[in-house]
Structure formats: structure tokens, C-alpha cells
Amino acid sequence: ETGVTQSPTHLIKTRGQQVTLRCSSQSGHNTVSWYQQALGQGPQFIFQYYREEENGRGNFPPRFSGLQFPNYSSELNVNALELDDSALYLCASSITSGRETQYFGPGTRLLVL
Amino acid sequence: AQSVSQHNHHVILSEAASLELGCNYSYGGTVNLFWYVQYPGQHLQLLLKYFSGDPLVKGIKGFEAEFIKSKFSFNLRKPSVQWSDTAEYFCAVIPGGTYKYIFGTGTRLKVLA
């Protein structure tokens, strides 16, 4: 176990709805990255938060947004859900930003109907 | 675009067979390299990593990987697999100047008892 936790474990939403996913980072880590893993694919980088600031973003539209809190936990928000947003969403924490080893949580499986 | 290729999507081996999973990346500069494993029902776990130094890296559970810079490769090996090695294996790269993991599509390994 890495100490990275995510909630909820599973979620079902309908198209057009909004969703918030949560991540608690490993103790001592100040950086959180979010990934989307579609079925049969590797994880795709969404964005990273370092000390409460967005620190970089992958090729995802603005309806994917996030927050990091003073305790370094994080949220991923997705607005106007589309069917293709159905995926496993992974959170990973690292001791700091930069080229560090990331430790992954169990993920939240989102199904959009 | 930077990418990571894992050419073996599905591999089936008998116990005690030797394993080699291929990983190639498309980036010419400095890289950090990782292999992660995802056992059934579990989260992504770090198997081994290469940052610098000896290009032959040893990880947990008897796995090793060799970084060959001239071939842009970081292949994973294990001399004798066990049934418990059944899992999905992901190669990941952090290209120099960035902090974003780029993952391959994964290789599903099934080991027959």
C-alpha cells in the first residue's frame, strides 16, 4: 500500500452532469498528479498540483479542473460529462514536483451513461 | 510527439519460463524510466526505476530492467516467472525538462501454473 487514498471507488453519472473525485496524498508528499486510464490504455496525464498551484497540464479540455488543499489533498472536477469520460481516474503523489517517483492510489472508476 | 511503446500487449507463459517485456520511447534527451505493475484488483505499484548510473536496474520480486540509450529501450526481464506474476505491466518515461509521466499501453502477463 502506498498511503494514497481515493474516493469514491466507483461512480455512475449521466452525460452533462458534473463530478468531483478526491485524493489524499501520502504523508510528506506535496505534489499530486491526476491521470485518466481508459479501458485497455495506459494512464494519461491530466494535470499536476504542487503546493496548491497547478503545475502543468496534459491534453485535456478546461472542463477538467482541480484543486489542492493546504494539507496537500486534492480534487479533480469534471464538468459537462461526456460518454468518453468513462475511465479509471488515478491520483499519484510524490515528495515534490519534478522528476520524482510517483505513488499511485487505487483509482476511482467513473461510468458515464 | 513523445510516446512510449510496449509492443507485447498480451503474453502467456508457463511457470519457470523467462520473461522479457519490451519498452521503447521516443525522446532523445535525458529520461527517467519506470516499470509499474498492476496486480488484479490492486493499484499501480513501482517495480523499478532508472534515473542515472548503472543501466542494469534491479527491482522487487526478482525483476530487472536494462536501459539501452542507443536503442531508446528499457526492457523488463525476469529469469523465472511465477503464477503470482500474473498482472499488467506498464512502462513509463519522464522526458528531461518535464515532470509528466508518459505511459505505455501496458502488457498483460498471464502465467500458467
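Residues numbered from 1 in each chain as written. Chains lettered and ligands numbered in written order. Predicted model: local features only at pLDDT ≥ 70, side-chain atom pairs only at ≥ 80, totals over all residues. Heavy atoms only, no water.

Enquirer: Explanation requested: the layout of surface pockets in the structure shown.
Expert: Rolled over the atoms, a probe as big as a water molecule pinpoints where empty space is left. If you add up the space inside the largest pocket, you get close to 470 Å³. Lining the largest pocket we find 24 residues, and of these Leu88(A), Arg109(A), Gln38(B), Gly41(B) and Gln42(B) sit closest to its centre. Only β10 (87-95) and β12 (107-112) of chain B provide two or more residues apiece to the lining of the largest pocket. No other element matches β10(B), which puts 3 residues into the lining of the largest pocket. When its residues are assigned to classes, the lining of the largest pocket shows 9 nonpolar, 11 polar and 4 charged. (1 Å grid on protein atoms, 1.4 Å probe; cavity = no way out; pocket = protein on both sides within 12 Å on 5 of 7 lines; lining within 4 Å. Points joined across faces, edges and corners; volume = space filled by probe spheres on them. Helix = DSSP H or I, 4+ residues; strand = E, 2+ residues; numbered from the N terminus. Nonpolar A, V, L, I, M, F, W, Y, C, P; charged D, E, K, R; others polar.)

Enquirer: What's the story with the sheet that holds strand β8 (residues 74-78) of chain A in this structure? I'm lost.
Expert: To summarise the sheet geometry, strands pair through backbone hydrogen bonds and adopt either a parallel or an antiparallel arrangement. All names here are of chain A. Spatially, β1-β3-β8-β7 is the arrangement adopted by the 4 strands of the open sheet, whose pairing is antiparallel. Edge strands, defined here as strands with exactly one partner in the open sheet, are β1 (5-7) and β7 (64-68). The average angle at which neighbouring strand axes cross in this sheet is 20°, direction not considered. As paired strands, strand β3 (residues 19-24) and β8 are joined by 5 bridges and run antiparallel to one another. Among the inter-strand pairings, Leu21 is bridged to a residue of β8, identified as Leu76. (Pairing = 2+ DSSP bridges. Axes fitted to C-alpha atoms, helices over the stretch in contact; angles between N-to-C directions.)

Enquirer: Even after reading the chapter, I still don't get the nonpolar core, so can you show me in this structure?
Expert: By size, the foremost hydrophobic cluster in this structure holds 28 residues, and its most contacted members are Leu33(B), Trp35(B), Leu47(B), Leu48(B), Phe74(B), Leu76(B) and Tyr89(B). Where this core is concerned, the elements lending two or more residues are β2 (10-14), β3 (19-21), β5 (31-38), β6 (45-50), β8 (64-68), β9 (73-78), β10 and β12 of chain B. Those residues in contact with Leu33(B) that lie beyond four places of it in its chain are Tyr25(B), Leu48(B), Lys49(B), Tyr50(B), Phe67(B), Phe74(B), Ala92(B) and Val93(B). Val32(A), Ile46(A), Tyr49(A) and Ala87(A) belong to the second-largest nonpolar core, a separate cluster that totals 19 residues. (Core = buried A, V, L, I, M, F, W, Y, C linked by side-chain atoms within 4.5 Å. Buried < 20%, exposed > 50% of the residue type's maximum accessible area, 1.4 Å probe, protein only. Contact = heavy atoms within 4.5 Å.)

Enquirer: What should I look at first to understand the side chain of Asn77(A) in this one?
Expert: Residue and element names in this part refer to chain A. When you line up the elements, Asn77 lands in strand β8. A distance of 2.6 Å separates the side chain of Asn77 from the side chain of Thr20, its partner in a polar contact. Once residues within four sequence positions are removed from consideration, Asn77 is found in contact with Gln18, Val19, Thr20, Arg63, Phe64, Ser65 and Gly66. (Polar contact = N/O pair within 3.5 Å; in protein donor to acceptor, adjacent residues only side chain to side chain.)

Enquirer: Help me understand empty space enclosed by the protein in this model?
Expert: All names here are of chain B. With the rule as written, the count across this model stands at 1 cavity of 30 Å³ or more. Estimated volume of the largest cavity: approximately 30 Å³. Around the largest cavity sit Gln2, Ser3, Val4, Tyr25, Ser26, Tyr27, Val93, Pro95 and Ile102, which together line it. Grouping the amino acids of the lining of the largest cavity by side-chain chemistry returns 6 nonpolar, 3 polar and no charged.

Enquirer: Can you walk me through the state of the cysteines in this structure?
Expert: According to the stated counting rule, one finds 2 disulfides over all chains in the structure shown. Each sulfur of the disulfide joining Cys23(A) and Cys91(A) lies 1.7 Å from the other. Looking along the S-S bond of the Cys23(A)-Cys91(A) disulfide, the torsion reads about -50°, which is the left-handed sense. Of the two residues, Cys23(A) is situated in strand β3 and Cys91(A) in strand β9 (residues 87-94); the sequence distance between them amounts to 68 residues. Assessed through its relative accessible area of 0%, Cys91(A) is described here as buried. Disulfide partner of Cys23(B): Cys91(B), at an S-S distance of 1.9 Å. Where Cys23(B) bonds to Cys91(B) through sulfur, the torsion about that S-S bond is close to -65°, and the disulfide is left-handed. (Disulfide = S-S within 2.5 Å.)

Enquirer: I tried to follow the packing of aromatic side chains on my own but got confused; where do I start?
Expert: The way to describe two aromatic rings as a pair is by their centre distance and the angle between their planes. All names here are of chain B. A complete count under the given rule lists 19 aromatic pairs over all chains for this structure. Relative to Phe103, the ring of Tyr36 has its centre 6.1 Å away and its plane inclined at 55°; by these criteria the two rings are tilted. Of this pair, Tyr36 sits in strand β5 while Phe103 sits in strand β11 (residues 102-103), placing them 67 residues apart in sequence. With respect to class, Tyr36 is no different from Phe103; both count as buried. A cation sits over an aromatic face here: Lys49 above Phe51, 5.3 Å from the ring centre. (Phe/Tyr/Trp six-rings, centres within 6.5 Å; stacked < 30°, edge-to-face > 60°. Lys NZ or Arg CZ within 6 Å of the ring centre and 35° of its normal.)

Enquirer: Explain the side chain of Gln38(B) to me, please; I cannot follow it from the model alone.
Expert: Along the polypeptide, Gln38(B) turns up in strand β5. Of the polar contacts made by the side chain of Gln38(B), one reaches the backbone oxygen of Gln42(B); its length is 3.4 Å. When near neighbours in sequence (up to four residues on either side) are disregarded, Gln38(B) contacts Gln37(A), Leu88(A), His43(B), Leu44(B), Ala87(B), Glu88(B) and Phe90(B).

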